Every structure is written in structure tokens, then in C-alpha cells.
Amino acid sequence: MRYKYLFGPVPSRRLGMSLGIDLIPKKVCSLDCVYCEVGATTKLTTKRMEYVLYDKVVAEIDDYMSRFEKPDYMTFSGSGEPTLNIRFGDVLGYIRNNYPDVKIAVLTNGTLMNDPAVREEMMPADMVMPSLDAVSSSGLKKINRPAEGIEPEKYIQGIETFAKEYKGTLNLEILFLKGYNTGKDELLMLKDAISRISPHSVQLNTLDRPGTVDGLEALSFEELKEIANFWQLPNVEIIAKPATRKDNKAFVEDFEAAILDTIKRRPCTLNDLSKMLGMHISEVNKYLDTLDAAGKIETQRQSRGVFYKIKG
């Protein structure tokens, strides 16, 4: 059965088998990051609304849990910033109360964590993973292109305040792009912010596939390692490319084969594949990560967006 608001479960190095929960239509977000693989933000906002109806989401969760083996984690992520949904806390609370054996993770850009209500709603989660790519005003505008009203100090303060109160695991993720947030001043400011937040871990990442603008350059593993060495901070790790899902017993090879068979006939965008295969856009993204890591696909930017095709 295909769900509208759930995707996966997909294997994750950090979360085991993770069932994704998407509370936001594509692509509503408080940031318009140049590197976003889901695509450009179409509604840039900090306004919280019931973008996806609570009753429909919990109905899908109940149906899934009645049919399938429970996942290791239920993870709030997907097409945009999950905390923009004003019923985010209600859905999280529903899972905690009705399925207490399932762990809960929240993947967030962190921009709404300066709101006390959002921080309170996140508290029952087992793991929260906010992102923080730049600290200077110019760096934030260049790489994340935030909605009006999002300022670096409020951004950091929100995550810092949450970290001091939170009893679960807080992992901070930073994505680096050459020429965007790799200057010495930005790195020193990021180091200071990390020290203030004091997360359990800092996860360094870079671009895997094309973002929303041309000319983006990923960092090599060695360059990410240089940043970690420059900081000399504890618990900094570099996120590697995804493991091949063929090694995971839950991997369904039919999905990989379906994607390859589709783009063998003609190149497709992420949206094309999602519609044609009846898969959630975030789920397709996970499989594209795996195929890219295996060297089976390549990309080409055209007027309608980034197209995926068989490599070679």
C-alpha cells in the first residue's frame, strides 16, 4: 500500500529502519537552501499552519502499524520544514502515547526553535537533528536564503535554549559548499556557535547531487577533515555517502530496478519519478542517493530542472 504522508521505511546509518512522516506539502519551508535536492522552495514562510491535516496523518500511521513490522524510528522529515505544521506536536504526541516502543526523530532546519511552543513540542522526541550551515548574516543569506525575520542570533539562540533543556540526543548537521560557508571567519563563527549549543555530535556533510542553482561545488572528505581538525572540537564526524542498501535485508531491489528501468527509457526529474512510480519524493531521493553512490546514474540540468539518466 502506498501512503500520502508516510514514506519508507528506508534504511539509515543513523536511525536504522526509519519510517518518514511528511507534514508539509512540497515545497513549503522557512529556508530556500541552494543545495536542496528536493527542489527550490515554492512557499518561503515562517507561518505555522495545518498544512497537512492531523486526522489524515494519524490514520495512515495507525494503518501502517496495524499491517507492518514496527520501524526503529518514526522520523519527521520530507518535503519541507516539519515544524511549520502547527499540529506537529500533536502528531508527535500521538505516536509517543500510542506507540511508546517506537523511537521518534525530528529532522529540522532549526529556524523555528526560537519559538517556545516549537521547543516544547519537540521535547518528547528521542533524537532531534537541526541544521546550521552559516552563522554570519551574509553566509546565511547566501547558502540558506531564509524567510524574512530569520536572523542568525535568534537562530542560534533557539537551538541553544532547546539543547539546554532537552533530555534526548541532539545532533547538529552542517552542510558545506565551497565558497559559500568555508571561509575562515565563517568557520570560526560556526565553532563558537557549536560551543554554545554543545550538541551530542556535529555531523559534517556536503553536496551529493545537484542543488537548485548551478555551479555548486562539494567538499572532498579530506577538506571536511581539515575543517574538523581546524575546529578541534569533540564529537565531530563526517557523514559518508549512503551505504548500499543491497546489504540491508529490508532493501527492496524492485524499487532500484524500477528507477533504472524508467530513466533508461528517458531521463526524468525527481518529480517525474515520484509521480510515475507512485513513491514519495523523499523515498525516491533515498534510492537516488544509493544509485549515485554506486555510480549507476548521472545528472544533467535542463530548463525544467535536474534530470537523472543512466551513467555512461
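The structure this text deals with has already been given above.
Please read these numbers as outputs of a predicted model, since none were measured by experiment. (Residues numbered from 1 in each chain as written. Predicted model: local features only at pLDDT ≥ 70, side-chain atom pairs only at ≥ 80, totals over all residues. Heavy atoms only, no water.)

Trainee: Provide a residue-level description of the overall build of the protein, including the pertinent values.
Mentor: A count of helices and strands for the protein gives 10 helices and 12 strands. Relative to the globule expectation of 20 Å for 312 residues, the C-alpha radius of gyration of the protein, 19 Å, shows essentially globular dimensions. Summarising its shape, the C-alpha atoms of the protein cover approximately 50 × 50 × 35 Å along the three principal directions. Per-residue burial over the protein gives 54% buried out of 312 residues. Sequence separation of at least 24 residues holds for 73% of the intrachain contacts in the protein that already meet a minimum separation of 6. (Helix = DSSP H or I, 4+ residues; strand = E, 2+ residues; numbered from the N terminus. Rg over C-alpha atoms; globule rule 2.2 N^0.38 Å. Buried < 20%, exposed > 50% of the residue type's maximum accessible area, 1.4 Å probe, protein only. Contact = heavy atoms within 4.5 Å.)

Trainee: Please set out the environment of Met-65 residue by residue, giving values where relevant.
Mentor: Among the structural elements, Met-65 can be located in helix α1 (residues 54-67). For Met-65, a relative accessible area of 16% gives the class buried. When the C-alpha atoms of Met-65 and Tyr-99 are compared, they prove to be 8.7 Å apart, with 34 residues separating the residues in sequence.

Trainee: Now, about the packing of helix α9 (residues 270-277) against helix α10 (residues 281-293): what can you tell me, with residues and values included?
Mentor: Where α9 meets α10, the closest approach of the two axes is 9 Å, and the angle between their N-to-C directions is 115°. The pairing of α9 with α10 is recorded here as roughly perpendicular in orientation. Both α9 and α10 take part in a crossing whose hand is right-handed. Between α9 and α10, the contacting residues are Leu-270, Asn-271, Leu-273 and Ser-274 on the first element and Ile-281, Val-284, Asn-285 and Leu-288 on the second. When grouped by side-chain class, the residues that make up the contact of α9 with α10 number five nonpolar, three polar and no charged. (Axes fitted to C-alpha atoms, helices over the stretch in contact; angles between N-to-C directions. Parallel < 35°, antiparallel > 145°, perpendicular 65-115°, else oblique. Left-handed = near helix turned anticlockwise from the far one by under 90°. Nonpolar A, V, L, I, M, F, W, Y, C, P; charged D, E, K, R; others polar.)

Trainee: Provide a residue-level description of the pairing of strand β2 (residues 16-21), including the pertinent values.
Mentor: Along β2, five of the six residues are buried, which leaves the element largely enclosed by surrounding structure. Alignment of β2 against strand β5 (residues 73-76), held across four bridges, turns out to be parallel. By the bridge assignment, Ser-18 is partnered in β5 with Tyr-73. (Pairing = 2+ DSSP bridges.)

Trainee: How would you explain helix α5 (residues 152-165) if you had to name every residue and give the values?
Mentor: Each α-helix winds once per 3.6 residues, and so residues spaced three or four apart point in a common direction. For α5, which comprises 14 residues, the first-to-last C-alpha distance of 21 Å matches the rise-based estimate of 20 Å (1.5 Å per residue) to within 8%. Taken as a whole, α5 has its buried residues at Pro-152, Tyr-155, Ile-156, Gly-158, Ile-159, Glu-160, Phe-162 and Ala-163. Lining the buried residues of α5 we find α3 (116-122), β7 (127-130), α4 (137-143), β8 (169-176) and α6 (184-197). (Expected span 1.5 Å × (residues − 1).)

Trainee: Could you give an account of the pattern of salt bridges, naming the residues involved and the relevant values?
Mentor: By the definition in use, this model includes 11 salt bridges. Measuring nitrogen to oxygen at the nearest pair gives 3.6 Å for the salt bridge that ties Arg-87 to Glu-50. Placement of the pair is Arg-87 in the loop between β5 and α2 (88-98) and Glu-50 in the loop between β4 (43-44) and α1, with a sequence separation of 37 residues. For Arg-87, a relative accessible area of 24% puts it in the partly exposed group. (Salt bridge = Lys/Arg side-chain N within 4 Å of Asp/Glu carboxyl O.)

Trainee: Give me unusual backbone geometry: which residues, what numbers.
Mentor: With an omega of 0°, the peptide bond between Lys-26 and Lys-27 qualifies as cis. The phi torsion at Arg-145 lies on the positive side, around 45°, for a residue other than glycine. Its place among the elements puts Arg-145 in the loop between α4 and α5. For Ser-198, which is not glycine, the phi torsion reads 55° and is therefore positive. You can call Ser-198 exposed: its relative accessible area is 55%.

Trainee: Lay out α10 in plain terms, naming residues and giving numbers.
Mentor: With 13 residues, α10 should cover 18 Å at 1.5 Å per step; its first-to-last C-alpha distance of 18 Å lies within 8% of that length. When you tally the buried positions in α10, you get 11 out of 13 residues, the bulk of the element. Looking only at α10, the buried set comprises Ile-281, Ser-282, Glu-283, Val-284, Asn-285, Tyr-287, Leu-288, Asp-289, Thr-290, Leu-291 and Asp-292.

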